[in-house]
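Geometric and topological summary
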Amino acid sequence: MSEMASSLGVAYASFMNFFPYPLNNLFSLLILVLVVFIYALLIWKFHKFIAKKDILELNLDQYNQSKHPVFAKVFGSLFYVAEFILLLPFTLIVGFFCFSVFLIALTEVSIPVQSVFLISATIIAVIRLAAYYREDLAREIAKLLPLTLLAIAVTQLNFVNPTRFFEGISLIPSLFGEILIYFLFLFLLEVLLRLFDLFFSAFGFSEEE
């Protein structure tokens with residue numbers, strides 16, 4: 001995998017060197033602009049989504065057609081577990097992985113790939129904690145932290161290094177155990193937050209209180 005990543009990096013460098021100056025610099029600039037634009041666009045689209053306490057809003061309970069009160073509660077509980085305990089954490093895990101891949105492209109070579117996943121998991125976890133307290137706070141964090149990382153990356157001369165990106169992606173299988181820990185952490189955090197929210201709602205604690 002690492003050899004393939006190195007080959008892709010060499011192929012990219014050869015492709016850029018194929019064009020005479022200043023066309024090669026213009027192509028490099030175009031790629032940098034596109035990467036930064038896509039990252040900023042995703043953050044703009046994604047920050048409202050991840051900052052909501054109820055991300056999916058599937059309302060699976062609407063499919064609960066049972067008329068018997070006992071069965072209605074049982075099926076309602078199953079739908080609740082399916083939506084908020086299983087689907088929602090899984091959605092966050094997918095978002096965490098995609099966010100980490102972008103950070104690999106934006107961070108410099110000196111930052112280890114495992115540190116990138118740690119940073120990504122920390123940002124996602126902080127946003128989710130804030131979402132259960134105040135969604136406005138979560139939206140601000142979801143914009144501020146990723147865009148701050150982007151601003152730092154832009155000031156570095158070697159950001160969006162293709163060789164770094166391909167090599168970083170090639171290291172992901174070897175970091176599977178560590179990444180799985182982050183997956184598990186985000187999953188358990190979301191489950192615990194949802195259970196606490198359910199507990200407080202059951203006892204009538206309002207959001208303002």
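In what follows, the accompanying structure is described.

Here is what the cut-offs are and how they apply
Residues numbered from 1 in each chain as written. Predicted model: local features only at pLDDT ≥ 70, side-chain atom pairs only at ≥ 80, totals over all residues. Heavy atoms only, no water. Phe/Tyr/Trp six-rings, centres within 6.5 Å; stacked < 30°, edge-to-face > 60°. Helix = DSSP H or I, 4+ residues; strand = E, 2+ residues; numbered from the N terminus. Axes fitted to C-alpha atoms, helices over the stretch in contact; angles between N-to-C directions. Parallel < 35°, antiparallel > 145°, perpendicular 65-115°, else oblique. Left-handed = near helix turned anticlockwise from the far one by under 90°. Contact = heavy atoms within 4.5 Å. Patch = residues over 30% accessible without salt bridge, like charges linked within 9 Å, V, L, I, M, F, W, Y side chains within 5 Å. Areas by Shrake-Rupley, 256 points an atom, 1.4 Å probe, with all protein chains shown as cover. Salt bridge = Lys/Arg side-chain N within 4 Å of Asp/Glu carboxyl O. Buried < 20%, exposed > 50% of the residue type's maximum accessible area, 1.4 Å probe, protein only.

A few points about the packing of aromatic side chains
Tallied over the full model, the rule gives six aromatic pairs. A ring pair is formed by Phe97 and Phe117, whose centres lie 6.4 Å apart and whose planes are at 40°; its orientation type is tilted. Separated by 20 residues along the polypeptide, Phe97 in helix H3 (residues 69-106) and Phe117 in helix H4 (residues 113-133) bring together distant segments of the chain. Counting every residue linked through ring pairs, the aromatic cluster contains Phe96, Phe97, Phe117, Tyr182 and Phe183.

Observations concerning the packing of H4 against helix H5 (residues 135-154)
Here H4 crosses H5 at 160°, and the two axes come no closer than 6 Å. Overall, the two elements H4 and H5 adopt an arrangement that is roughly antiparallel. The element H4 and its partner H5 pack so that their crossing is right-handed. Within the contact between the two elements, H4 uses Ile119, Ile123, Val126, Ile127, Ala130, Ala131 and Tyr133 and H5 uses Glu135, Leu137, Ala138, Ile141, Ala142, Leu145 and Leu149.

What to know about a nonpolar patch on the surface
There is a patch of nonpolar side chains on the surface, built from Leu23, Leu26, Phe27, Leu29, Leu30, Val33, Leu34, Phe37, Ile38, Leu41, Leu42 and Trp44 and spanning about 1,100 Å² of accessible area. As for its placement among the helices and strands, Ile38 is situated in helix H2 (residues 23-50). Judged by relative accessible area, Ile38 falls into the partly exposed class, the value being 39%.

With respect to the pattern of salt bridges
Taken as a whole and assessed by the stated rule, the structure comprises five salt bridges. Among the ionic pairs, Arg128 bridges to Glu190, the shortest N-O distance being 2.9 Å. Of this pair, Arg128 sits in helix H4 while Glu190 is found in helix H7 (residues 176-202), placing the two residues 62 residues apart along the sequence. Here Arg128 matches Glu190 in class, with each residue buried. Arg139 is the partner of Glu135 in a salt bridge, and the nearest nitrogen-oxygen pair spans 4.0 Å. Of the two residues, Glu135 and Arg139 both sit in helix H5, four residues apart, roughly one turn of that helix. Arg139 sits in the partly exposed class, given a relative accessible area of 25%.

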